[in-house]
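The chain contents come next:
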Amino acid sequence: KLINYIQYRSIDDVGNMELIKNILLYNDTVPPVVKISKFDNYGLVDTQNKIIYAQPGAKLYLEIIDPVFDGVASGKSIIFYLINDSIETSIYNQPIELNPGINKIKYFGFDNAGNQSEIIVYNILYDIIPPVSSLIIGQPRFKVNEIYYLNRNSAITLTATDDSAGVLVIKYKIGEGTVWSNYT
């Protein structure tokens, strides 16, 4: 039973009886849940493979939730985390700032009853190198002093590569317009 009301007292050898004492006990059997509540400057989150692609200035925010089950929850207590297989845990009390490169972060928490959450592990790829795009002009074309001349049959192809996080999208605009379009 999750909620128990217990009464108790003692009696000595000559029959003296103390007043009845009461206590209400709540049995919290459900562990808390620790999750990423916010991530500044991230590009993509791959929850299936537990990878986050982050940008410069990346900060990771964690939160702990102690779910109520049958009217019982002892309350959230503390979050711990480790970065890059460190053997010493840190107490989470402010956003976690990351370093460029691959950061392996492991986090978990406890509720006030001592139940431990699941241990979550993410690899965070802090990518500070932008992708590189190229424009390829097909035939027919003619070039004079860095100016290309082509006709309506000349294909224009855009490509991009990124050796770290990968290319999310290639954008382009034509002329002096301010609207960027996605290249497909």
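The rules behind these values
Numbering of residues begins from 1 in every chain and follows the order in which that chain's sequence is written. In keeping with the model being predicted, local features are shown solely for residues with a pLDDT of at least 70 and side-chain atom pairs are shown and tallied solely at 80 or more, while totals for entire chains, interfaces and linings include all residues. Hydrogens and water molecules were not included; the side-chain quantities draw on all heavy atoms of the structure. Strands are runs of DSSP state E lasting at least 2 residues, helices are runs of H or I lasting at least 4, and numbering of each runs from the N terminus. We compute the radius of gyration over the C-alpha atoms and compare it with the globule rule, which gives 2.2 Å times the number of residues raised to the power 0.38. Only protein chains enter the accessibility calculation, which uses a 1.4 Å probe; a residue is then buried when its area is under 20% of its type maximum, exposed when over 50%, and partly exposed in between. Any two residues whose heavy atoms approach within 4.5 Å are treated as being in contact. For the accessible areas, the method is Shrake-Rupley and the probe is 1.4 Å, while residue cover comes only from the protein chains on display. Any residue with an atom within 4 Å of a point lines the site, the site being either a cavity, points on a 1 Å grid over the protein atoms alone where a 1.4 Å probe fits but cannot get out, or a pocket, an open set with protein on both sides within 12 Å along at least 5 of 7 lines. Grid points are joined across faces, edges and corners, and a volume is the space filled by probe spheres set on the points. Basically, the charged four are Asp, Glu, Lys and Arg, the nonpolar ten are Ala, Val, Leu, Ile, Met, Phe, Trp, Tyr, Cys and Pro, and anything else, Gly included, counts as polar. Two aromatic rings from Phe, Tyr or Trp, using only the six-membered ring of Trp, form a pair when their centres are within 6.5 Å; if the ring planes differ by under 30 degrees the pair is stacked, by over 60 it is edge-to-face, and anything between is tilted. Grouping buried Ala, Val, Leu, Ile, Met, Phe, Trp, Tyr and Cys residues that are joined through side-chain atoms within 4.5 Å yields what is termed a nonpolar core. Patch membership needs two things, relative accessible area over 30% and no salt bridge, and members are linked within 9 Å if like-charged or within 5 Å if nonpolar (Val, Leu, Ile, Met, Phe, Trp, Tyr). Think of a salt bridge as a Lys or Arg side-chain nitrogen and an Asp or Glu carboxyl oxygen that are within 4 Å of each other. Polar contact criterion, stated in full: a pair of N or O atoms within 3.5 Å, where within protein one must be able to donate a hydrogen and the other to accept it, and residues adjacent in sequence count only if both atoms are side-chain atoms.

1. Some points on the overall build of the protein chain
What the protein chain contains, in helices and strands, is zero helices and 15 strands. Expected size for 184 residues packed as a compact globule is a radius of gyration near 16 Å; at 30 Å, the protein chain overshoots this value by more than 25%. Expressed along its principal axes, the backbone C-alpha trace of the protein chain runs to roughly 115 × 35 × 25 Å. Taken across its 184 residues, the protein chain has 22% of its residues classed as buried. Taking all contacts inside the protein chain whose residues are at least 6 apart in sequence as the whole, residues at least 24 apart take part in 49%. Surface accessibility of the protein chain: about 13,100 Å² in total, with carbon and sulfur atoms responsible for 52%.

2. What to know about the layout of surface pockets
Here the second largest pocket is characterised by a volume of approximately 200 Å³. For the second largest pocket, the full set of lining residues is Leu 135, Ile 156, Leu 158, Tyr 172, Lys 173, Ile 174, Tyr 183 and Thr 184. When its residues are assigned to classes, the lining of the second largest pocket shows six nonpolar, one polar and one charged.

3. Examining the packing of aromatic side chains
Enumeration over the complete set of coordinates arrives at six aromatic pairs. Judged by centre distance (6.4 Å) and plane angle (85°), the ring pair of Tyr 172 and Tyr 183 falls under edge-to-face. Of this pair, Tyr 172 sits in strand 14 (residues 171–172) while Tyr 183 sits in the segment after strand 15 (181–182), placing them eleven residues apart in sequence. Under the relative-accessibility criterion, Tyr 183 is labelled partly exposed at 26%.

4. Re the nonpolar core
Core analysis: the biggest nonpolar cluster contains 20 residues, and Phe 39, Ile 96, Ile 105, Tyr 107 and Ile 124 have the highest contact counts within it. For Ile 96, the residues in contact, after removing those within four places along its chain, are Ala 58, Lys 59, Leu 60, Leu 62, Tyr 81, Ile 83 and Ile 105.

5. Examining a nonpolar patch on the surface
On the surface, a nonpolar cluster with roughly 420 Å² of combined accessible area is contributed by Ile 3, Tyr 5, Leu 24 and Tyr 26. Listed by contribution, the elements that provide at least two residues to the nonpolar patch are strand 1 (3–8) and strand 2 (21–26).

6. Some details on the side chain of Asn 115
Among the secondary structure elements, Asn 115 is positioned in the loop between strand 8 (101–111) and strand 9 (120–126). Given the relative accessible area of 18%, Asn 115 is considered buried. In this structure the side chain of Asn 115 is engaged in a polar contact, spanning 2.9 Å, whose partner is the backbone oxygen of Asp 28. When residues no more than four places from it in sequence are discounted, the contact partners of Asn 115 are Asp 28, Thr 29, Val 30, Pro 31, Pro 32, Gly 109 and Phe 110.

7. A look at unusual backbone geometry
Glycine aside, residues mostly have negative phi, and peptide bonds are mostly found in the trans state. Pro 140 follows Gln 139 through a cis peptide bond whose omega is -5°. Relative to the elements of secondary structure, Pro 140 occurs in the loop between strand 10 (132–137) and strand 11 (141–144). One non-glycine residue, Lys 50, lies in positive phi territory at about 60°. Of note, Lys 50 is situated in the loop between strand 3 (33–46) and strand 4 (51–65).

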